[in-house]
Amino acid sequence: MAEQFHAQQLALATEQARNPLLAALNAAGQQAFAAASVPNRKTEAWKYTSLHNLLTGDFQRTASQSDLTAGLREVATLGSLKAARLVFINGQLSSELSDALALQQVTLFSQADAEQQALISQHLGTVLAHASSNNSGSAHLFNDLNNAALNDGVLIHVGKNQRLEQPLQISWLSSNNPQPFSITSRLLMVLESGAEATLVEHYASDEQPQNSFTNALTELVIGDNARLQHYRLQLMQEDALHIGSTHVDLARDSQYSAFHLGLGTRLTRNDIVVNHNVGGSHCELNGVYIPQNQQLLDFHTCIEHKVPHCTSNEVFRGIMNDKARAVFNGRIHIHPQAQKTLAELSNKNLLLTNTAEIYTKPELEIYADDVKCAHGATVAQLEEKAMFYMQSRGISKKEAEVMLSFGFINELLEALPHEDIALVLRPLLAHRFGRDQSLSRHLLENETAGLSGENA
Amino acid sequence: MISIKNLHANVEDKNILKGLNLEIKPGEVHAIMGPNGAGKSTLGNVLAGRDGYEVTDGSVTLNGKDILEMEPEERAREGLFLAFQYPVEIPGVSNLEFLKASVDAVRAHQGKPALDSVQFLKLAREKCKAVNLDQSFLKRGVNEGFSGGEKKRNELMQMMLLEPSLCILDETDSGLDIDALQVVAEGVNAMRDANRSFIVVTHYQRLLDYIVPDYVHVLANGRIVKSGGKELALELEEKGYGWLESADNGAA
Ligand SMILES: Nc1ncnc2c1ncn2[C@@H]1O[C@H](COP(=O)(O)OP(=O)(O)OP(=O)(O)O)[C@@H](O)[C@H]1O
Ligand SMILES: [Mg+2]
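Residues numbered from 1 in each chain as written. Chains lettered and ligands numbered in written order. Predicted model: local features only at pLDDT ≥ 70, side-chain atom pairs only at ≥ 80, totals over all residues. Heavy atoms only, no water.

Visitor: Would you explain helix H6 (residues 178-191) of chain B in this entry?
Guide: Since the α-helix packs 3.6 residues into each turn, any two residues three or four apart lie on the same face. Residues and elements named next belong to chain B. A rise of 1.5 Å per residue sets the reference length of H6, with its 14 residues, at 20 Å; its end C-alpha atoms lie 20 Å apart and thus fit the reference within 8%. Among the residues of H6, Ala 180, Leu 181, Val 183, Val 184, Ala 185, Gly 187, Val 188 and Met 191 are the ones counted as buried. Packed against the buried residues of H6 are helix H4 (117-130), helix H5 (148-162), strand S9 (166-170), strand S10 (197-201) and helix H7 (205-210). If you check the start of H6, you find a side-chain oxygen 3.0 Å away from the backbone N of Asp 179, and it comes from Asp 177. (Helix = DSSP H or I, 4+ residues; strand = E, 2+ residues; numbered from the N terminus. Expected span 1.5 Å × (residues − 1). Buried < 20%, exposed > 50% of the residue type's maximum accessible area, 1.4 Å probe, protein only. Contact = heavy atoms within 4.5 Å. Polar contact = N/O pair within 3.5 Å; in protein donor to acceptor, adjacent residues only side chain to side chain.)

Here's what the structure looks like:
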């Protein structure tokens, strides 16, 4: 099963990769992937994350159809978020759904001019490469596979002291095909010194049962004094399989603030690796995962403090419903020379049923002595006290459950620096908890009453 | 209004209420005093229907309906309101959405017309003013980071919005400064009418100067051991609970 998957994916990668600019990366990727073995239950970083659905899923081809359906058109607007938008359907750029502003700010690898090609050659794969030296389990064969199969990708270059006024939304959408298929997506963003931008990576699909496997890789190079706000939103229908990695390089006094959202699918695995490479950088890494049904959702995060005077603050919260399983592994690695590091990690989990599962493991590895670090993980069920309080006010048990669950992650939504995105996400998540609209209607009261943003 | 007969209740298999009788008619205010651990809050929790408070004997009817088989939310919709001794903090759920959900549920059950968001916000702001809470409290998480006194005023605001027929105030006066005490008392007094009854649990006679009760009861060892008029509170203030024989031995 694993061998067959391995062989098929290698063959598919070799067939796909045709861009001379990427030839060296492809070759190295193919070699590494060929040599690697598919993780199994004994592989530490995949202990609780079974690849069964991937290995048995027959994903040995790319999409044969990428039609623009009404469903996708709607999904692509991301709740009418005000953004410059670039949309892919099953890995193909949709020029119809993408807007001119985005097309100015973004270049496809296949259309890069000489200068952009130089940038790609300089950075592509290098951020990722750090991961193999830190032994975190986040340097896995799916990254090699992405390198191996890569034929095109998205380059975003934000020049020195340049500031993108609007968020840049990259939507990676999928739709159902006659046969199961693979999507390889790649994004490289380079912010020169003093640059500022907001990037929204949006993984979604229409509501049909999906039969895609997406291998997504994002590399973010954040220059001196540059700031990036990154939203990575996974809102796919639950049959879509997704293995994605985000690798970030931070230069002097730079800032990475991120919000990662996973709704959960039959298999979603996310690795996030942040490298503090030069002093003074700050990382604000937040996330929410809310799998339901029989979904499997895994977040592996790793923050590498390699140099002195950097700070990181990480907060992830999860709510597991039905028979869902979630995995959270949060590693903070403080290298011997990384004195004066401040690092905090918190992971709180809520189990809504007796059959839902969470495997959480904060991992602090500290090799420097003058640092301040704190971490904590909790697993709980809905609080009886709070439930009774709400019921004693006439609120039904079901609605109280919905309100409390939503409240648990709402604290993170309210802290989002980009208010428009919070406004888009609130109804989306509210409906996720209150599957019946009558149960979620009160969650959006502040908006309907026009109270938000108003100073009473 | 409410009729409590021979009420026995256990908490964690421990017998706390041991044959409690209390009869309250519409429009009456009954004060309940008594030593720490006597079972005053237990009575409130039992009446409100909290899980884990097991009634082993006796009956409770509210406006003629047996409430002991009802879920807590049904009791609330039937007009019972408990102002908690220790209001619960619910971060992430805004006070406004909590209040709206609550008022919608209760009004719908009582056949009153639903309030739209704008009407409701106006009403909620009025009630904020009435209990002297800044309107910014509507936006904050339910009781989240509220001071002790602010929590109590928030309880009172909920009571005003829900217009219950039986209000149980469990030490709503403790932790209040002198001005806040006046605000709460005025709020309660403004709500007093011929169809609404109150159970006011307190340790301090002072509150009863502001909210003048029709009856004062002493709850000790799980039962009402003495009842009287408002002058009983003064007597208790002077003598404590020791002179009430059954406060100590609580015969079964
Ligand atoms: N959940 C519980 N588990 C165990 N014992 C409990 C529980 N709740 C209440 N009790 C016990 O029941 C008794 C009565 O408690 P209750 O809170 O009703 O007293 P009270 O009269 O309200 O006291 P106070 O004046 O201090 O508020 C106490 O001995 C208390 O410890
Ligand atoms: Mg008490």
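Visitor: What is the right way to read the layout of surface pockets from this model?
Guide: Approximately 860 Å³ is the volume found for the largest pocket. Every residue lining the largest pocket is counted, 33 residues in all, and those nearest its centre are Met 387, Gln 391, Lys 397 and Glu 401 of chain A together with Asp 51 of chain B. Within the residue set of the lining of the largest pocket, elements represented by two or more residues are helix H9 (384-391), helix H10 (397-414) and helix H11 (419-433) of chain A together with strand S4 (53-62) and helix H2 (72-77) of chain B. Top contributing element to the lining of the largest pocket by residue count: H10 of chain A, with 5 residues. Considered class by class, the residues forming the lining of the largest pocket number 14 nonpolar, 7 polar and 12 charged. Looking at the lining of the largest pocket, you find at least three residues from each of domain 1 (2-381) and domain 2 (386-456) of chain A. (1 Å grid on protein atoms, 1.4 Å probe; cavity = no way out; pocket = protein on both sides within 12 Å on 5 of 7 lines; lining within 4 Å. Points joined across faces, edges and corners; volume = space filled by probe spheres on them. Nonpolar A, V, L, I, M, F, W, Y, C, P; charged D, E, K, R; others polar. Domains from an automatic or database assignment.)

Visitor: Could you clarify how one ought to interpret the interface of chain B and chain A in this entry?
Guide: A common way to report how large an interface is uses the accessible area buried once the components associate. With 43 residues of chain B at the contact, the number on the chain A side is 31 residues. Between chain B and chain A, a total of about 3,100 Å² is buried, with carbon and sulfur atoms accounting for 61% of that surface. Three residues, Arg 50, Glu 97 and Lys 139 of chain B, lead the burial of chain B against chain A; their summed loss comes to 20% of the area buried on that side. Between the two partners, chain B and chain A, sit 13 residue pairs in polar contact (both at pLDDT 80 or more). Those elements that provide at least two residues to the side of chain B that touches chain A are helix H1 (40-48), H2, strand S6 (80-83), strand S7 (90-94), helix H3 (95-109), H4 and H5 of chain B. Looking at which element gives the most residues to the side of chain B that touches chain A, the answer is H3 of chain B, with 9 residues. (Buried area = accessible area lost by both parts, 1.4 Å probe.)

Visitor: Is there a simple way to think about empty space enclosed by the protein in this case?
Guide: It is a probe the size of a water molecule, rolled over the atoms, that shows where empty space is left. Residues and elements named next belong to chain A. Counted by the stated rule, this structure contains 6 cavities of 30 Å³ or more. Of the voids in this model, the largest cavity is the one considered here, and its volume is about 110 Å³. In this structure, the largest cavity is lined by 16 residues; those nearest its centre are Trp 172, Leu 173, Ser 174, Ile 183 and Thr 214. Those elements that provide at least two residues to the lining of the largest cavity are strand S5 (168-174), strand S6 (181-191), strand S7 (196-205), strand S8 (212-222) and strand S10 (241-250).

Visitor: Any chance you could explain the packing of aromatic side chains here in plain terms?
Guide: Think of a pair of aromatic rings as described by two things: how far the centres are apart, and how the planes are tilted against each other in angle. Residue and element names in this part refer to chain A. Overall, the coordinates contain 16 aromatic pairs over all chains when judged by the stated rule. Plain terms: the ring middles of Tyr 48 and Tyr 359 are 4.0 Å apart, the flat faces sit at 10° to each other, and that makes the pair stacked. You can see Tyr 48 sitting in the loop between helix H2 (23-35) and helix H3 (52-55) and its partner Tyr 359 sitting in strand S18 (residues 357-366), a full 311 residues away along the chain. Through successive ring pairs, a cluster of aromatic residues spans Phe 5, Trp 46, Phe 59, Phe 142 and Phe 213. (Phe/Tyr/Trp six-rings, centres within 6.5 Å; stacked < 30°, edge-to-face > 60°.)

Remember that the coordinates give geometry; whether it matters functionally is a separate question.
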